[in-house]
Structures are given as structure tokens and as C-alpha cells.
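Residues per chain are reported as follows:
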Amino acid sequence: MTHPHQLHALRAAWTLHATRQHLDRAVAREAAERRAEARIIAAAAAIQAWRPIPGPAARGVHGDPASRAAVNVLEPEWRDGQLARLAGRTADLLRWLARNTDPRPDQDHPEPLHHLQRVATRLGPAGAWHLARWLDEADQRIRDTLHLDPPGTPLPGLRCPRCARRQLHAHTTGPRSSWTITCTPTCTCAGDTCPCRMPIRLADVPHVWGPDHPLTTSLTSAA
Ligand SMILES: [Zn+2]
Ligand SMILES: [Zn+2]
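Okay, so let's go over this structure. From a predicted model like this one, the values you see are computed outputs, not experimental measurements.

### A closer look at the nonpolar core
Step number 1: Leu116 and Leu135 are the most contacted members of the largest nonpolar core, which has 27 residues in total.
Step number 2: Looking at this core, the elements with two or more residues in it are α1 (4–50), α3 (82–100), α4 (112–119) and α5 (125–146).
Step number 3: Filtering out sequence-adjacent residues up to four positions away, Leu135 remains in contact with Ala9, Ala12, Ala13, Leu16, Leu94, Leu97, Leu113 and Leu116.
Step number 4: By size, the runner-up hydrophobic cluster in this structure holds 17 residues, among which are Leu168, Trp179, Met198 and Leu219.

Written out as C-alpha cells, the structure is:
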């Protein structure tokens, strides 16, 4: 049976996977904009260098050869923008998390997030809780920056077995074996007496139903 903390870690890892794809596209757009901007600035500087220097002594003398060379610079340098730096920080965090969730020392992970997706349901509940928190925070930072909607697809046709509201969300951006359903973050489990039908009921954990739960398997037809 998968612990709710493990399911949250699994959900968070696959959610971040999809969010990073949005970020990658935004980084590519940002780089293109910055490259175009740098070209315009370089071209403007080159034009400036070619302007005749006024005054009798100058007699049509143009800018120095070094500046003239700038005319031919098609790929001027530009620095990483805000989004590229955010992508870099996220990648650093994922590498650090991968190293911290792998018992083998100094293990290098070419795809740290894939590793985290694999270990999400194998970590102990406490480790999974920490992992979910790190991943959710990283995901939220990207969402805030790109003004993305909250994760998950609303399931207005289904009622939460606990709070009876129709605010369940499906998280299906990964393979079928990673699908989960959540209620609102404030719909938390009451523990043993909770009517939520989670196989492991744990007080104060936001409700989450895993890929094998009847609530989630019912998604197959809907998806
Ligand atoms: Zn609920
Ligand atoms: Zn519950």
C-alpha cells in the first residue's frame, strides 16, 4: 500500500516534470528575445562607429577598425535572463535532491527528476514528505513566474468522499501508474475515522488517492 506522503511525492515529481516543460519553452523564447536585442544593440553600435566624425580635422575619417569589425558580429554575447537562471536553480535543486535520496554515495544522475519519480514511492513516509515539499515549492516558483494555473485537471463530476465538494483534481501528466487525485489542500484527513477511503488514513494530510484507487481507476474512461 502506498503511503499518502509517497503519493504526494509522486504527484509532485510528475507535476514538476510538466511545469519544467513550460519553463523550457519560456527559456527558449527568452533566449531568442535576448539574442535579438543583443544583435540590435551591436548593429546600432556598428552604425555609430561608421558615422563620419564631424570637424575639419576629421575629413571623413570613420570609426576605428575594431568598431568596424562589430558590423560582422552576428552572434553578440548576451547573458542568461531571469527564466534561464530559474531553470538553472531548479536543475541544481533536483540534482541535490537526487543525491540525497540515493543511498549510493556520489551517485551521478543524468536525469535527476526521473530518479526522483522512481524513488518517490520507495522512500520512507518522512523522506517522501520532505521530497514532496521541495518539489511542490520548486513547482510553485515556476508557476508564479510564468503565471500558470494551479496543477491538475478539475473533475467536476466527482464528489470528494470526505468533504462532498466537487473540487477534486486529477494529476495525469505522467504515465498511468503515476496518476493521482487530490481534493483542495485544506481538505485534510481525519485519520482512522475519516470516510475518505484512502487505504492509509493519516490525520492532517491533504487527501490524495493513488493510481490503484477506484476513484482514480474510474478516470480511465474519462481520460
Ligand atoms: Zn475533500
Ligand atoms: Zn481522510
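### Focus: the coordination of the zinc ion (ligand 2)
Step number 1: Looking at the zinc ion (ligand 2), one finds its protein donor set to be Cys189 (SG), Cys194 (SG), Cys196 (SG) and His207 (NE2), positioned 2.0 to 2.3 Å from the metal centre.
Step number 2: The coordination sphere of the zinc ion (ligand 2) comprises 4 donor atoms, whose angles at the metal cover 104 to 115 degrees; the geometry is tetrahedral.
Step number 3: The sequence pattern describing where the donors of the zinc ion (ligand 2) fall on their chain is C-x4-C-x1-C-x10-H. Taken individually, Cys194 and Cys196 each receive the classification buried, so the pair is uniform in this respect.

### Some thoughts on the pattern of salt bridges
Step number 1: The full count for this structure, using the stated rule, is 3 salt bridges.
Step number 2: The salt bridge partner of Arg11 is Asp136, with a shortest N-O separation of 2.9 Å. Of this pair, Arg11 sits in helix α1 while Asp136 sits in helix α5, and the two are 125 residues apart along the sequence.
Step number 3: The exposure class of Arg11 is buried, given its relative accessible area of 9%.
Step number 4: Judged by its relative accessible area of 28%, Asp136 falls in the partly exposed class.

### So, the coordination of the zinc ion (ligand 1)
Step number 1: At the metal site, the zinc ion (ligand 1) is ligated by Cys160 (SG), Cys163 (SG), Cys183 (SG) and Cys187 (SG), and these contacts range over 2.2 to 2.4 Å.
Step number 2: What the 4 donor atoms of the zinc ion (ligand 1) show is an angle range of 104 to 114 degrees at the metal, which sorts the shape as tetrahedral.
Step number 3: All donors of the zinc ion (ligand 1) come from a single chain, and their spacing in sequence reads C-x2-C-x19-C-x3-C.

### Some remarks on α4
Step number 1: For α4, a buried count of 6 out of 8 residues is recorded, marking the element as mostly surrounded by other parts of the structure.
Step number 2: Those residues of α4 lying buried are Pro112, Leu113, His115, Leu116, Gln117 and Val119.
Step number 3: Residues of α4 that are buried in the fold lie against α1, α3 and α5.

### What about the sheet that holds strand β4 (residues 208–209)?
Step number 1: Ordered in space as β1-β2-β3-β4, the 4 strands form an open sheet in which the pairing is antiparallel. Where the open sheet ends on each side, the last strands, each with one partner, are β1 (153–154) and β4.
Step number 2: Across 2 bridges, strand β3 (residues 180–182) lies against β4 in antiparallel orientation. Residue pairing for β4: Thr182 is matched across the bridge by Val208.

### Here's the deal with the packing of α1 against α3
For any two helices packed against each other, one specifies the inter-axial angle together with the distance between the axes.
Step number 1: Where α1 meets α3, the axes come as close as 8 Å, and the angle between the chain directions of the two elements is 145 degrees. In this structure, α1 crosses over α3, and the sense of that crossing is left-handed. Between α1 and α3, the contacting residues are Leu16, Arg20, Leu23, Ala26, Val27 and Glu30 on the first element and Gln82, Leu83, Ala84, Leu86, Ala87, Thr90, Ala91 and Leu94 on the second.
Step number 2: Each residue belonging to the contact of α1 with α3 can be placed in one class, and the counts come to 10 nonpolar, 2 polar and 2 charged.

Rules and cut-offs
- Here, residues in each chain are numbered from 1, in the same order as that chain's written sequence.
- Each chain takes a letter, starting from A, and each ligand takes a number, starting from 1, following the order in which they are written.
- With the structure being a predicted model, the display of local features is reserved for residues of pLDDT at least 70 and the display and counting of side-chain atom pairs for 80 or more, all residues being used for whole-chain, interface and lining totals.
- Excluded from the side-chain calculations are hydrogens and water; all other atoms, namely the structure's heavy atoms, are used.
- For the purposes of this section, nonpolar cores are sets of buried Ala, Val, Leu, Ile, Met, Phe, Trp, Tyr and Cys residues that join through side-chain atoms within 4.5 Å.
- For every residue, the accessible area (1.4 Å probe, protein chains only) is compared with the maximum for its type, and the residue is labelled buried under 20%, exposed over 50%, or partly exposed between those bounds.
- By the criteria applied, helices consist of DSSP H or I runs no shorter than four residues and strands consist of E runs no shorter than two, each listed in order from the N terminus.
- Any two residues whose heavy atoms approach within 4.5 Å at even a single point are treated as in contact.
- Coordination partners: N, O, S within 2.8 Å of the metal, 3.2 Å for Na, K and Ca; water not considered, so apparent gaps in a site are possible.
- Geometry is assigned from the angles between donors: four donors with all angles from 85 to 135 degrees make a tetrahedral site, four or six donors whose opposite pairs exceed 155 degrees while the rest stay between 65 and 115 make square planar or octahedral sites respectively, and everything else is labelled irregular.
- Salt bridges are counted wherever a side-chain nitrogen of Lys or Arg sits within 4 Å of a carboxyl oxygen of Asp or Glu.
- Strands are treated as partners if at least two bridges between them are detected by DSSP.
- Interaxial angles span 0 to 180 degrees and are taken between N-to-C directions of axes, which are lines fitted to C-alpha atoms, for helices over the stretch in contact.
- Crossings are sorted by hand: turned counterclockwise from the far helix by less than a right angle, the near helix makes the crossing left-handed, and turned clockwise it makes it right-handed.
- Ten residue types, Ala, Val, Leu, Ile, Met, Phe, Trp, Tyr, Cys and Pro, are classed as nonpolar, four, Asp, Glu, Lys and Arg, as charged, and the remainder, Gly among them, as polar.

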